[in-house]
Amino acid sequence: ILQETIEICENFSLNPYQAHSMGSLLFACENGREAARILEENGVRAAVIGKLCRGRDKQIRNEDEVQALNRPEPDALTGILEQCLE
């Protein structure tokens, strides 16, 4: 996440991980670290940001904070930008 994104989200008390990430791709694979290394070697920014676990629980973990993963909602930044343009 770019520093600018973090600062904007902090200003509006938003979670940057719940903002739209246009131009990004999220995928699952058996060896995420190796996939990220290969992508980086080919000029594509990549990072391992999570893992799949057994069970049906869908969670987001950020250090000690654990939240349920819900269906996507409209991006909070979109609403803020629309208010600024009015």
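The preceding data block contains the structure.
As the structure is a computational prediction, the values presented were derived from the model and not from experiment. (Residues numbered from 1 in each chain as written. Predicted model: local features only at pLDDT ≥ 70, side-chain atom pairs only at ≥ 80, totals over all residues. Heavy atoms only, no water.)

### Side note on the overall build of the protein chain
Each helix and strand in the protein chain was counted, giving three helices and two strands. In the protein chain, the order of α-helices and β-strands from amino to carboxyl end is α-α-β-β-α. The C-alpha atoms of the protein chain give a radius of gyration of 15 Å, which is well past the 12 Å a tight globule of 86 residues would have. Projected onto its principal axes, the C-alpha coordinates of the protein chain cover approximately 45 × 35 × 20 Å. Evaluated residue by residue, the protein chain yields a buried proportion of 8% over its 86 residues. Excluding contacts between residues fewer than 6 apart, the proportion of contacts in the protein chain whose partners are at least 24 apart in sequence is 38%. (Helix = DSSP H or I, 4+ residues; strand = E, 2+ residues; numbered from the N terminus. Rg over C-alpha atoms; globule rule 2.2 N^0.38 Å. Buried < 20%, exposed > 50% of the residue type's maximum accessible area, 1.4 Å probe, protein only. Contact = heavy atoms within 4.5 Å.)

### Regarding the pattern of salt bridges
For the structure shown, the criterion picks out two salt bridges. One salt bridge in this structure joins arginine 37 and glutamate 34, with 2.4 Å as the shortest N-O distance. Of this pair, arginine 37 and glutamate 34 both sit in helix H2 (residues 32-41), three residues apart, which is roughly one turn of the helix. Judged by relative accessible area, which is 37%, arginine 37 ranks as partly exposed. By relative accessible area, which is 33% here, glutamate 34 ends up partly exposed. Here glutamate 41 makes a salt bridge to arginine 37, at a shortest N to O gap of 2.3 Å. Of this pair, glutamate 41 and arginine 37 both sit in helix H2, four residues apart, which is roughly one turn of the helix. Taken together, the shared-partner salt bridges in this structure form one network comprising Glu34, Arg37 and Glu41. (Salt bridge = Lys/Arg side-chain N within 4 Å of Asp/Glu carboxyl O.)

### Details of unusual backbone geometry
Phi is positive for serine 13, close to 55°, though the residue is something other than glycine. Structurally, serine 13 can be placed in the loop between helix H1 (3-11) and H2. Using a relative accessible area of 69% as the deciding quantity, one classes serine 13 as exposed.

### Focus: the pairing of strand E2 (residues 65-68)
Looking at chain direction, strand E1 (residues 59-62) and E2 are connected through four bridges and run antiparallel. Across the sheet, the residue bridging to arginine 61 is valine 66, located in E2. Between E1 and the antiparallel strand that follows it, E2, lie two residues; glutamate 63 among them carries a positive phi value of about 55°. (Pairing = 2+ DSSP bridges.)

### Points about the state of the cysteines
As enumerated under the stated definition, the model contains zero disulfides in all. Cysteine 53 supplies the cysteine sulfur nearest to cysteine 29, a cysteine that is in no disulfide, at a spacing of 15 Å. (Disulfide = S-S within 2.5 Å.)

### Points about the environment of glutamate 40
With respect to the helices and strands, the residue glutamate 40 is situated in helix H2. Judged by its relative accessible area of 41%, glutamate 40 falls in the partly exposed class. When near neighbours in sequence (up to four residues on either side) are disregarded, glutamate 40 contacts Arg45 and Ala46.

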